[in-house]
2 protein chains.
Amino acid sequence: MYNSYLKDIKTYEAGKPIELVVREFGIESQDVVKLASNENPLGCSEKVAQAIASSAQKASLYPDDSMYELKEALSLRFGVTAKEIIIGAGSDQVLEFISHVVLNSASKILRSAVTFAMYDIYAKQFGAQILTTPSYQHIADEFIEKIESANPDIIYICTPNNPTGDATTREEVFKIINAASKDSLVVVDCAYMEYVEEEEYKLVPKDFINCDNVIYLGTFSKAFGLGGMRVGYGIANENIINMLYKVRPPFNISSLSLLAAIEASHDIDFVTKSVALNREEMKRYIDFAKKYEIEYIPSKTNFITLLFDEKHNSSEIATNLMKKGVIIRDLASYGLNAIRITIGTKSQNSKLFEVLSQELQYRESIESKTV
Amino acid sequence: MYNSYLKDIKTYEAGKPIELVVREFGIESQDVVKLASNENPLGCSEKVAQAIASSAQKASLYPDDSMYELKEALSLRFGVTAKEIIIGAGSDQVLEFISHVVLNSASKILRSAVTFAMYDIYAKQFGAQILTTPSYQHIADEFIEKIESANPDIIYICTPNNPTGDATTREEVFKIINAASKDSLVVVDCAYMEYVEEEEYKLVPKDFINCDNVIYLGTFSKAFGLGGMRVGYGIANENIINMLYKVRPPFNISSLSLLAAIEASHDIDFVTKSVALNREEMKRYIDFAKKYEIEYIPSKTNFITLLFDEKHNSSEIATNLMKKGVIIRDLASYGLNAIRITIGTKSQNSKLFEVLSQELQYRESIESKTV
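Here is a short report on the structure shown in this document. Predicted model, so just to flag it, every value in this text is computed and none were measured. (Residues numbered from 1 in each chain as written. Chains lettered and ligands numbered in written order. Predicted model: local features only at pLDDT ≥ 70, side-chain atom pairs only at ≥ 80, totals over all residues. Heavy atoms only, no water.)

**Here we look at empty space enclosed by the protein**
All told, the structure shown has five cavities of 30 Å³ or more when counted by the stated rule. Contributing to the lining of the largest cavity are 15 residues, with Asn-252, Ile-253 and Ser-254 of chain A together with Asn-252 and Ser-254 of chain B lying nearest its centre. When the residues that make up the lining of the largest cavity are grouped by side-chain class, the tally is seven nonpolar, six polar and two charged. (1 Å grid on protein atoms, 1.4 Å probe; cavity = no way out; pocket = protein on both sides within 12 Å on 5 of 7 lines; lining within 4 Å. Points joined across faces, edges and corners; volume = space filled by probe spheres on them. Nonpolar A, V, L, I, M, F, W, Y, C, P; charged D, E, K, R; others polar.)

Below you can see the structure in the form of structure tokens.
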């Protein structure tokens, strides 16, 4: 009955929400510090919260499916036209549209060695094969070698990259784009772009709008503080957007999500404040890493990735932190002995430093005893 | 670059929101009566609105992706296990999952002549062919003939049916299910089931849970008043649900949608009140139709379909009502000279009766002059 290319996809196993697991360790939910999902530690804009609260009764009404106002806001922000924009339930859903229109069981995607997990998930959902470069960084020469040898149908450039935090220079991005076949689609995923400071790493949709085979992705989930509302967007030339619209379901974001994204677009001060806090607190993480001599990937995002040597095991550290009420992301499933920590509020970060330093010192002490 | 089976899908053309169109006729938005989308005229439960308002700040936090509490509520309501449930962004998204796992360009779906438009939309998105029975009603013999001659991969039974409002008896539904090949999936779409009164038309998920190839769909969009939040569900045996989970994206409904559906599940009084209002007001529509000698389809839902004879043109009527600030659904695109009207509040319905009777009398008077 079912499409055969789906047979290798692992079957979902519903786990308990992690908050419940932590509660089982005797920690009250208000004491849990969750630095695992790169949510905005400031929450959302007060204006967004007010707009949602005063429109709660609109839960019964279908949203404006043309998303007229939201597209207007994005048009103004990025200097593109409404016809060059598609809205998704998170940029995730735009990735799904892209995968749907391009991929089938004869297709291939190309991505860096460690990058956003959804590229693979959607590739598998459409039966495509996954190719990777050797490095987690997006190194043009590595991409070009694979492009020339395998001609992938979709090429993913995630910059800044998740879950590593590094970014790719504009120059390097264009080297990859210029090497790509005109028959392949290049996806430049910029979910964390609002956090980037250095000019050479900054990318905007207009950089690619005249390219026939490039799409820029952005999201309201991070700097705009709407992780829970699931609103993202793709911006590209009209031909690409028209293709994606063929597989977009009507009403693909909720009424309140639409409203929240429109309000969030009008509160750039909130984004500025979020980015400023992130910058300040990131310095403390770097100091912490240096003090404890932990290797880290310099980050252009709202998270930092700590790389452990053989003395430490990232999964054990993650579990032990969880027992103390601090949830971070173990990167073992990405093949890294590393953890990814979302930059939180000042007090959340202090708590993280406290429990992580305890954990590291405890392990050092075991180590010195066993040697 | 793109999958060839998509080439025949019409490209989306963004229209202005209908509210804006009406405003251009000089009608203020508070005076517009929208009876076009089968939204709940009572809005949503007050408890839902309060829960959303007091949790608006949670817009930044990703939802519990296991949807533990919502599944618990549905398990209790329907007497099934959490493993037999999948949640979608509207039951629409469950239709998408179903289409994705079953369909490809060699597949066929079977539906009644006039039914929910999304079946075709998703079939086309996966390249499948669409077969229809002669009648808009779900007549088992018509389905069986097509099943025997064409062996469709998905068979859709929409009961009560949208946009016609009629329902199919349990006996007739099971005749179709029993005739279906074990290699095909039967989808029993019960989005409007809460409005059904007569025992012989009532269906519950448990009726099908032991079937290997049947899935029951339900939604929070109608009687539960959450049209704008996009929450629906599929209930079937675990094997089917596991397959659908392979193509479910993580976080497929927003945090506030999840919260709203959980709260709505706990306020059955609101549903009872909504259904009672609908029943009362439906009587007025029937009286109206009889008075003006308009043919109608007896409805088991929260809408009624009026069928016009050659004296009237449904599209003209819809446009003229719109100019007077009343929005209803023209069914010309379904091949019917008919309009579908959502049963509104008492005052909304009075307004509809007023403008529709004016329109009909005006047209009668033109008719009598030209004859």
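We are not done yet, so read on.
**Considerations on the pairing of strand β2 (residues 85-88) of chain B**
Residue and element names in this part refer to chain B. Burial along β2 is two-sided: the face carrying Ile-85 and Ile-87 and the face carrying Ile-86 and Gly-88 are both buried. Here β2 pairs with strand β8 (residues 232-235) via four bridges, running antiparallel. When the bridges of β8 are listed, Ile-85 appears paired with Ile-235. (Buried < 20%, exposed > 50% of the residue type's maximum accessible area, 1.4 Å probe, protein only. Helix = DSSP H or I, 4+ residues; strand = E, 2+ residues; numbered from the N terminus. Pairing = 2+ DSSP bridges.)

**Describing the side chain of Asn-213 of chain A**
Note on placement: Asn-213 of chain A falls in the loop between β6 (185-189) and β7 (214-219). Under the relative-accessibility criterion, Asn-213 of chain A is labelled buried at 2%. The residues touching Asn-213 of chain A, leaving out its near neighbours within four places in the chain, are Ser-181, Lys-182, Ser-184, Leu-185, Val-186 and Ile-240 of chain A together with Met-1 of chain B. (Contact = heavy atoms within 4.5 Å.)

**A word on the interface of chain B and chain A**
The interface is formed by 72 residues belonging to chain B together with 72 residues belonging to chain A. When the buried surface of chain B facing chain A is broken down by residue, Met-1, Tyr-62 and Lys-246 of chain B rank first, second and third, together holding 13% of it. Our enumeration of links across chain B and chain A arrives at zero salt bridges. Inspection of the region where chain B meets chain A yields 33 residue pairs in polar contact (both at pLDDT 80 or more). (Buried area = accessible area lost by both parts, 1.4 Å probe. Salt bridge = Lys/Arg side-chain N within 4 Å of Asp/Glu carboxyl O. Polar contact = N/O pair within 3.5 Å; in protein donor to acceptor, adjacent residues only side chain to side chain.)

**As for the pairing of strand β13 (residues 338-342) of chain B**
Residues and elements named next belong to chain B. Summarising burial for β13: five of the five residues are buried, a large majority. Burial along β13 is two-sided: Ala-338, Arg-340 and Thr-342 and Ile-339 and Ile-341, pointing in opposite directions, are all buried. With five bridges connecting them, strand β10 (residues 303-307) and β13 associate as antiparallel partners. When the bridges of β13 are listed, Phe-303 appears paired with Thr-342. In terms of strand pairing, strand β12 (residues 329-330) meets β13 through two bridges, oriented antiparallel. In the sheet register, Asp-330 faces β13, and the bridge partner there is Ile-339.

**Observations regarding the relation of the copies chain B and chain A**
Each copy superposes on the other: chain B lies on chain A with an RMSD of 0.0 Å after a rotation of 180° and an axial shift of 0.0 Å. Taken together, the rotation and translation describe the operation of a two-fold axis. In terms of proximity to the rotation axis, the leading residue of chain B is Ala-53 of chain B, whose C-alpha is 1.9 Å off the axis. Mapped onto chain A, 100% of the interface residues of chain B again fall at the interface, so both copies present the same surface. (Least-squares fit on C-alpha atoms with pLDDT ≥ 70 in both.)

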